Amino acid sequence: MTTEWEKCLNGDLYDAHDATFKTHKAQTYTFLNAYNQTAYDSGQARHELLTKYLGAIGHDATHAVSV
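Quick summary incoming for the structure in this document.

Rules behind the numbers
- Residues numbered from 1 in each chain as written.
- Predicted model: local features only at pLDDT ≥ 70, side-chain atom pairs only at ≥ 80, totals over all residues.
- Heavy atoms only, no water.
- Helix = DSSP H or I, 4+ residues; strand = E, 2+ residues; numbered from the N terminus.
- Rg over C-alpha atoms; globule rule 2.2 N^0.38 Å.
- Buried < 20%, exposed > 50% of the residue type's maximum accessible area, 1.4 Å probe, protein only.
- Contact = heavy atoms within 4.5 Å.
- Areas by Shrake-Rupley, 256 points an atom, 1.4 Å probe, with all protein chains shown as cover.
- Lys, Arg positive; Asp, Glu negative; His and termini not counted.
- Charge placed at Lys NZ, Arg CZ, Asp CG, Glu CD.
- Polar contact = N/O pair within 3.5 Å; in protein donor to acceptor, adjacent residues only side chain to side chain.

### Considerations on the overall build of the protein
(1) Moving on: A tally of helices and strands in the protein yields three helices and zero strands.
(2) Moving on: Against the globule reference of 11 Å for 67 residues, the protein gives a C-alpha radius of gyration of 16 Å, more extended than a compact globule.
(3) Moving on: Expressed along its principal axes, the backbone C-alpha trace of the protein runs to roughly 50 × 20 × 20 Å.
(4) Moving on: Among the 67 residues that make up the protein, the fraction classed as buried is 13%.
(5) Moving on: Partitioning the contacts of the protein with sequence separation of at least 6, the portion at a separation of at least 24 is 12%.
(6) Moving on: Roughly 5,500 Å² of accessible area belongs to the protein as shown, and the carbon and sulfur atoms make up 56% of that amount.
(7) Moving on: One finds the centroid of the 5 positive side-chain charges in the protein at a distance of 6 Å from the centroid of its 8 negative side-chain charges.

If you want it as structure tokens, here you go:
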């Protein structure tokens with residue numbers, strides 16, 4: 001039997017209220033809350049959060065540019 005998550009990944013109709021999606025939404029909310037509370041110039045902290053959540057990112061993905 002195909003899970004709702006698999007249906008989503010396959011581009012099929014799926015139940016967005018499935019427990020799997022609720023879990024993903026809660027994890028995303030927690031991550032975004034933590035990320036948005038870091039200072040813009042805290043590149044190392046932001047890089048660590050992104051790497052933890054996404055697995056890997058480019059070296060300069062959180063580089064703060066002075067204007």
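Right, picking up where we left off after that structure.
### A short note on the side chain of T38
(1) Moving on: One can find T38 in the loop between α2 (19-36) and α3 (43-54).
(2) Moving on: From its side chain, T38 meets the backbone oxygen of Y35 in a polar contact 2.7 Å long.
(3) Moving on: Of the polar contacts made by the side chain of T38, one reaches the side chain of R46; its length is 3.0 Å.
(4) Moving on: Excluding anything up to four places from it in sequence, T38 contacts A45, R46 and L49.

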